[in-house]
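Residue strings, one per chain:
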Amino acid sequence: MRAWRTIGPLMDLVTPMALRVAATLRLADLIAEGTTHTAELARRSATDPDALGRMLRHLVCHGVFTEPEPGRFGLNETAELLRSGHPAALRPGLDLDGFGGTMDLAFTGLLHTVRTGEPAWETVFGAPFWPHLAAHPERGASFDATMSAGPALVRDAAEGYDWSEARHVTDVGGGRGALLAEVLRNHPGLRATLVDLPETVERGREFLAARGLGDRCEAVGQSFFAPLPTGSDVYVLHKVVHDWDDERARALLRGCAAAAGDRGRVVVTEADGTSGEDSAEFAEMDLRMLVLAGGRERSPGGYAALVSAAGLRVAGEHTRPLGHVVLDCVPRAADGR
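In this report, we go over the structure that sits alongside the text. Note that the structure is predicted; figures quoted are calculated from it, not measured.

### Some details on the packing of aromatic side chains
For the structure on display, the rule yields 13 aromatic pairs. For the ring pair tryptophan 121 and phenylalanine 125, a centre distance of 4.4 Å and an interplane angle of 40° mean the geometry is tilted. One end of the pair is tryptophan 121 and the other is phenylalanine 125, both in helix α10 (residues 121–125) and 4 residues apart, which spans about a single turn. Taken together, the ring pairs in this structure connect Phe99, Trp121, Phe125, Phe129, Trp130, Phe143, Phe224, Phe225 and Trp244 into an aromatic cluster. Positioned above the aromatic ring of phenylalanine 207, the side-chain terminus of arginine 211 is 3.6 Å from the ring centre. Note that arginine 248 overlies the ring of phenylalanine 225, its terminal NZ or CZ placed 3.8 Å from the centroid.

### Details of helix α14 (residues 178–186)
With respect to burial, α14 is a largely interior element, 7 of its 9 residues being buried. Residues Ala178, Leu179, Leu180, Ala181, Glu182, Val183 and Leu184 constitute the buried set of α14. Buried residues belonging to α14 abut α13 (151–158), β3 (168–172), β4 (191–196), α15 (198–210), β5 (217–221) and β6 (234–238).

### A closer look at the pattern of salt bridges
By the definition in use, this model includes 18 salt bridges. Note that aspartate 104 is salt-bridged to arginine 20, the shortest N-O span being 2.6 Å. Of this pair, aspartate 104 sits in helix α8 (residues 99–105) while arginine 20 sits in helix α2 (residues 14–24), placing them 84 residues apart in sequence. Since its relative accessible area comes to 16%, aspartate 104 is described here as buried. Where aspartate 328 meets arginine 265, a salt bridge forms, and the shortest distance between an N and an O atom there is 3.0 Å. In this pair, aspartate 328 sits in strand β9 (residues 324–331) while arginine 265 sits in strand β7 (residues 265–271), placing the two residues 63 residues apart along the sequence. In this structure aspartate 328 comes out as buried when scored by relative accessible area, which is 15%. Take arginine 265: its relative accessible area is 28%, and that puts it in the partly exposed class. One connected set of salt bridges, linked through shared partners, spans Arg20, Asp104, Glu284 and Arg288.

### Let's talk about the sheet that holds strand β8 (residues 312–319)
Two modes of strand pairing occur in sheets, parallel and antiparallel, and in both the strands are linked by backbone hydrogen bonds. Taken in spatial order, the 7 strands make up an open sheet running β5-β4-β3-β6-β7-β9-β8, and their pairing is mixed. Both outer strands of the open sheet, β5 and β8, are each paired with one neighbouring strand and no more. Strand-to-strand twist in this sheet, taken as the mean axis angle between neighbours without regard to direction, amounts to 20°. Pairing geometry for β4 and β5, over 5 bridges, is parallel. Its bridge partner lying in β5, leucine 194 is registered against alanine 219. With respect to the sheet, helix α18 (residues 300–309) is in contact with β7, β8 and β9, its orientation differing from that of β8 by roughly 160°.

### Considerations on unusual backbone geometry
Even without glycine at this site, arginine 26 takes up a positive phi of about 55°. Mapped onto the elements of the fold, arginine 26 is located in the loop between α2 and α3 (27–32).

### With respect to the nonpolar core
Of all hydrophobic cores here, the largest spans 27 residues; its most connected members are Val172, Phe224, Leu237, Leu253 and Val266. Of all elements in the fold, only β6, α16 (246–260), β7, α18 and β9 reach the threshold of two or more residues within this core. The contacts of valine 172, once residues within four sequence positions are left out, are Val195, Phe224, Leu228, Tyr235, Val236, Leu237, Val240, Leu252 and Cys256. With 26 residues, the next largest nonpolar core counts Ala157, Val201, Val234 and Val267 among its residues.

### Here's the deal with the pairing of β6
Along any regular strand the residues' side chains alternate between the sheet's two faces. Counting buried residues along β6, 5 of its 5 residues qualify, which places the element largely inside the surrounding structure. Every second residue of β6 is oriented toward a common face, with Val234, Val236 and His238 on one face and Tyr235 and Leu237 on the other, all of them buried. Direction of pairing for β3 relative to β6: parallel, over a ladder of 3 bridges. When the bridges of β6 are listed, threonine 170 appears paired with tyrosine 235. Where β6 lies against β7, 5 bridges are found, and the strand directions are parallel. Counted as the bridge partner of valine 234 is arginine 265 from β7.

### Quick look at the side chain of glutamine 222
Mapped onto the secondary structure, glutamine 222 falls in the loop between β5 and β6. A relative accessible area of 18% places glutamine 222 in the buried class. Dropping the residues within four chain positions of it, glutamine 222 is found in contact with Val195, Asp196, Leu197, Pro198, Pro227, Leu228 and Pro229.

Conventions and cut-offs
Residues numbered from 1 in each chain as written. Predicted model: local features only at pLDDT ≥ 70, side-chain atom pairs only at ≥ 80, totals over all residues. Heavy atoms only, no water. Phe/Tyr/Trp six-rings, centres within 6.5 Å; stacked < 30°, edge-to-face > 60°. Helix = DSSP H or I, 4+ residues; strand = E, 2+ residues; numbered from the N terminus. Lys NZ or Arg CZ within 6 Å of the ring centre and 35° of its normal. Buried < 20%, exposed > 50% of the residue type's maximum accessible area, 1.4 Å probe, protein only. Contact = heavy atoms within 4.5 Å. Salt bridge = Lys/Arg side-chain N within 4 Å of Asp/Glu carboxyl O. Pairing = 2+ DSSP bridges. Axes fitted to C-alpha atoms, helices over the stretch in contact; angles between N-to-C directions. Core = buried A, V, L, I, M, F, W, Y, C linked by side-chain atoms within 4.5 Å.

Given below as structure tokens:
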């Protein structure tokens, strides 16, 4: 029994999947609305009553939901976290019908990754990560929404650079444009270009137009490994470099440097890796990036090395309150360094 108590919490796959199913079915929302009995919960969630009851009872045993009387369930502090309107916004990341929950299923191919060093996504879903999202627009849209979730995080990144001297900014791999929307909203004289795959920038057009910013932002649908539009003062890579291995990351940075020319700047924002590779958060995200798309997390020094190899120099670096590290990069040729 001692061995089980030690290893059990580390080996359990039942509870994590039950939690994701509960989030996908919006059971916390239904209970909050007053639907508490198993039969009615099953009817409203289109599930089997017996199976639903067994799953909820398992979650109750693990501290999620309550069962004040047989067959009637309630919310506790932990179950509240699964509500759609909760400030923590955790439910979308667990939803098996969206990108968040699907992303975690890629870890069923972890053995392949550890044996080969290659991403597991293709093994699990039949195509590499980015082509898969392009071929499944609903999942791609869910990915875009996940990447732009958390207004406070978007503001934290957007406020990490002084835009006052810029006239035109290009967001490379900017998804549906959440970062650009924040920047443009706060700098009325600024214009922008959004670069991403065609399906993604179409969603970006809709996102920006809905915020009254469509006339100030051009959307360019292309691979960001192709030559980028020139003429911007600033090229932004927001949480994009960590998606790629070193070779592809250097190619991406070189492309931004070429587009920026002698006078432009390249701004890289990523999660702060100064806590070190021994931290649990860094280690988990580093493994996650490898399993999904072959990317990797890096320390600020690691990003600076990539920047240098791409013909750029870090002119400024700072960490934001919510954990973004911001690297302000200039062409080495421009200052002779």
